[in-house]
Each structure stands twice: as structure tokens, then as C-alpha cells.
Amino acid sequence: MRHKLTVAVPRGALFADTLDLLDTLGVETGEVRSNDRRLLFEDAGIVTMRPGDVPTYVEHGAADIGITGKDVLLEQPEREVYELLDLGYGRCEMVVAARTGDDALAESLRRLGRMRVATKYPRVASQHFAQTGRQAEIVEVKGSVELAPLTGLVDGIVDLTATGTTLRENGLEVLEEIVTCTARLIANPVAHKLKAPAMDALVGQIRDGGA
Amino acid sequence: MYPIPPGSRDVLPDEMSELRSIGRRLRQTFESWDYGEVWTPLLEYEEVLRTGDDAAAGAGYRMFDGRGQVLALRSDMTIPIARLVATRLAGGAEPLRLCYFAHAYRAVGHGSGHQSEFLQAGLELIGVAGEPGEAEVIELTLAALDAAGLARHRIGLGDGALYRTLLAALEVPADRHQDLLERLSMRDLVGLELLVDGLGLAPDARDLLVRLPALRGGPEVFDRVEGPVGGALDGLRTLYAALADRGAGDRVILDLGLVRMLGYYTGAVYEVYDPAVGFTLGGGGRYDELIGRFGDPRPACGIGLDVQRVHIAQAAEEGLR
């Protein structure tokens, strides 16, 4: 018996590539593409949501599998989900950046004993600075992180960048690369056992199709 | 507003009577298999819990008593029962069959959707080594859940030492084991594959280490293992055969990648699944060294079920009828 899998699909930067991937797997995505507002597509077995919510839905079993960025998974390590595949697309760097030309981060650290860093990824940022032996005060922001150093809120930022364009346009430069993030296929641990044939078929299809 | 701590909850009469009913049916099954119920203190000395397992003793809640001793709320029942067995029942008749219905506590984050206080129903079988012990615990668990009104539950069965055994057999340097096992226990198969690729192993050994965690299903799983496993799977094979003899073969999912977070497991590990619940209903395994840490070495295995999750599965089952 082949169970049908419910897939949590991230809206945002990974949306288009994810739908393309689902197309290659024979999932009907036409309706999802044509309807911007609807979130649940029962016939196709697709639920759409913000990338950061994908691990929650998958962990609780509201979706059997999901696609989200490695950045999201690094920030939510307590979620009990399988990370099955690196899908390769949505490649971004998690970086430390600061205003071009100024030395605010290093100066702050030297004179004030710590640097102030704004980010949407407080866990990743704290861990990076702890691992590199630097004291950092992490300021969590929800929206455009690039604004924070420009207004003097912080000395630098930790954020995700694909091309660096947004950073450059705001007069910021990359100082350190922390980790490369790509889209990942994740699975609910119970569905991973109870729907193993369907899940293995899907993983096999993606492995064969990609690379 | 008079809040209660995150992850805890009040139970009102309708739910309570259903929980009691499930508890009663589980207990009746346990008792009919001669498992006697025990009770241990909610608070234990942290140092004593730590004797059992360092990680498990990292309980979510600690406090000081009047003399400055650190007390902790137990995070599972197996360590307190191991202490009980070694101190109150040392040298006694074997096998020893014990069950419990008790709350355990773990710290959870705000809004995580997890419970910090949870009611566990469980059993421990002490003094039966190897697969006869496992087979009894698993068969009884299946029967107890039948009695509780579940119909679609399954037991995932693995060997917690399997991956470690293979790493040693394939001569992977000992200093790499910890990282690899951590990836595996975090279910990060992408990270695991990266680490394995970095080991520079022969292709068949490399493939074995990468593919093994995804091997799960019926007995055909044994045939899908390719590469130098040697005798590492013999224990699981014997256990599966014993379960099949008891008529439980089709309710067991062999899972070669299964590991459980707690450090005291020494062999077989199990998890309980039901399609109505996204989380495991419970789990357990063999812990042959744990009671010995309290001074009375004896083989043992056991399992714990989260009664609230069993209730969710039971309610869903009722809805299907």
C-alpha cells in the first residue's frame, strides 16, 4: 500500500524551486502556483507556510515531510525531525557583516569587551561567537537586519545572503562566512517508520533526478 | 491571570475519567502478566540520578533542601527503579517484574508544544538477559495498547549499539565516533553522510554507514544490508524471530538506524508509534549496566508510554469506528 505523503512547502525564497522539484516528482502544483492566498491544497497533499514554521508542522506530524532551509534547522535544533536530503538549491551563506570600511566590531570588542550583533538567528550567532572565543551581545530583530548597524543599534549583523547585493546596497560588507545553507528535505520521525515505502520512493526519486 | 508553568496543564473531569480508564486497562494488562506496581519519590537527590545517567540527571527542575542538598525532579522512571531494585530488592528472586504509573519532568521551551510534566505508564523486566526479555516486554506493550483501545500501533525495534559496533568493526578511528553518533541520534542524515565521506573508507563500508540509518521495515531489511556487517545483526535477527513466533512479527518495524538519546541503553531499543500521533507514544530498551551502577549488576529491559499520547491515539481510533 502506498500512503500519500503530506508535504510542508515553504513560501518565500525557496517556493519556486520547491514547486519545480515537486513537479518533477509528479505532484500537481498548478493550483498552488495559481493561488497566492490559499495555504492548504489537500488534493496535492501540500501545505504552504513560512520556512520557519516547516519544522514545527513536520515535528508534530501535521505534515509528513517538509522542505526548509538549513538556516532554519540550525536555529531550531530541538525539533525532532529527520534531515533526509540536501536538495542543493536555495544556496546562501550565513555571514557576519558590518559597515564597509569601519572597524566597529573589532573596536567594540577591544575597548568595550563585547560586540553588539543584530540577527534573526540568535542561536547560530551566539554559537559562532562562543566558538570563536568572542563575547557578543545578541540583539534579536524580526525584519530587515541591514538597518541595525546603519542606525547604530549594533556594531554588526549575522544574516543570510545569497548574492550580497542587499548588503552592498546598504553599505555593508561580509567579514566572515559562518556556514553554507541549502534547502533540506525533512521528515516526521513517526511517518518515517509508518510510511517508509512512500518516503523511500520519494527520496530515491529525488536522488535519481537531481545531482 | 493566574498562569501555570509552560508545558504543564490542569485536567478536568471528562478528560480525567478517560485517562483513568486508559490507565486502568494498561494496569490490568500489566498485572495479568504479573508485573507489580511500584512508587518512588518524585524528588530524588540529583547525585543519585546522576549515578544512573549523566544526561538523564540533567533534569529540567532542581531545588535545594534545607541542608543545601540538590534535589531534582526525575526525568524518567527507569533510573529511580534501578535505584530501588539495587537498594530494596538486592539479591532477591529473579526475574523481577515491575510496573509504574507516575509523572516525570523535563524542561521545555515556551510555545514548543511539548509537555514538561507527563504521565508515564511503564514496565521493567529485571533479571532476564537477551531476547526473551525484549520479546516479553514488546509483546506485553502491544497487548496493553490493544487493551487501551488502540489498533494501529507499531513497535520500532533497533539495536542501540549497532552503529557503534559497526564503526569499531570498520576501524573508524575512535575519536570520530562521537560526532558520527551525535549526527545519527539527531537524525541528521545529511550531516552524517558528510562526516562518513570524510572518513576515506572503502566504498562498501562507506555505503553501509550511509545507508544503514534508512533501513527500516519488515524482515526483508536484513537482506537489504550490504557490506561488512559480520555478526552485528545476529541479536536483532534472533529477537525478530522470537517476536514472529509470538505472532507479533507484523506489528514490529525493524529500524537499523534507531538510537535513543539516553545513555544507559546497552542493546535493543524500541519506540512505539501510532499513525494518529506525530510523536512516539513511548520507548525503551535494554539497560544491562544501569542497575549495576547502583551496586547490584543485573540484566534488565523496559519500556515507558506517555499516557496522554496514548489517549490521543485512542480517541482517534474511536473516531474511526
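Summary of the structure given here. (Residues numbered from 1 in each chain as written. Chains lettered and ligands numbered in written order. Predicted model: local features only at pLDDT ≥ 70, side-chain atom pairs only at ≥ 80, totals over all residues.)

A count of helices and strands for chain B gives 13 helices and twelve strands. In terms of overall dimensions, chain B is globule-like: its C-alpha atoms have a radius of gyration of 20 Å, near the 20 Å expected for 321 residues. Seen along its three principal axes, the alpha-carbon backbone of chain B occupies a region of about 60 × 55 × 50 Å. Across the 321 residues of chain B, 42% fall into the buried class. Look at the contacts in chain B between residues 6 or more apart in sequence, and 68% of them connect residues 24 or more apart. (Helix = DSSP H or I, 4+ residues; strand = E, 2+ residues; numbered from the N terminus. Rg over C-alpha atoms; globule rule 2.2 N^0.38 Å. Buried ≥ 20, exposed ≤ 12 C-beta atoms within 10 Å, placed from the backbone. Contact = placed C-beta atoms within 7 Å.)

Glancing now at the sheet that holds strand β3 (residues 62-64) of chain B. Across a sheet, paired strands are connected by hydrogen bonds in the backbone, their directions being either parallel or antiparallel. Residue and element names in this part refer to chain B. With antiparallel pairing, the three strands of this open sheet are ordered in space as β2-β4-β3. Edge positions in the sheet fall to β2 (43-45) and β3, since each of these pairs with one other strand and no more. This sheet shows a mean twist of 35° between the axes of neighbouring strands, independent of strand direction. Relative to strand β4 (residues 70-73), β3 runs antiparallel, the two sharing three bridges. Along β4, the bridge assignment pairs R62 with A72. (Pairing = 2+ DSSP bridges. Axes fitted to C-alpha atoms, helices over the stretch in contact; angles between N-to-C directions.)

So, about the interface of chain B and chain A. Opposite the 20 residues of chain B that make contact, chain A presents 19 residues. Across the side of chain B that touches chain A, the residue classes tally to eight nonpolar, seven polar and five charged. (Nonpolar A, V, L, I, M, F, W, Y, C, P; charged D, E, K, R; others polar.)

This part is about the packing of helix α5 (residues 131-147) of chain B against helix α11 (residues 234-245) of chain B. Residues and elements named next belong to chain B. Their axes nearest at 9 Å, the elements α5 and α11 cross at an angle of 45°. For the element pair α5 / α11, the angle class is oblique. The hand of the α5/α11 crossing is right-handed. Contacts between α5 and α11 involve E131, P132, E134, A135 and I138 from the first element and T238, L239, A242 and L243 from the second. Of the residues in the contact of α5 with α11, the class split is six nonpolar, one polar and two charged. (Parallel < 35°, antiparallel > 145°, perpendicular 65-115°, else oblique. Left-handed = near helix turned anticlockwise from the far one by under 90°.)

Before going further, it helps to spend a moment on the nonpolar core. Ranked by size, the top nonpolar core spans 111 residues in total, and within it A8, V58, I65, I186 and A187 of chain A together with L123 and V310 of chain B carry the most contacts. If near-sequence neighbours (up to four positions away) are discounted, V310 of chain B is found in contact with I22, L145, A148, L281 and L305 of chain B. Ranked by size, the runner-up nonpolar core spans 24 residues in total, among them L105, M115, A125 and C181 of chain A. (Core = buried A, V, L, I, M, F, W, Y, C linked by C-beta atoms within 7 Å.)

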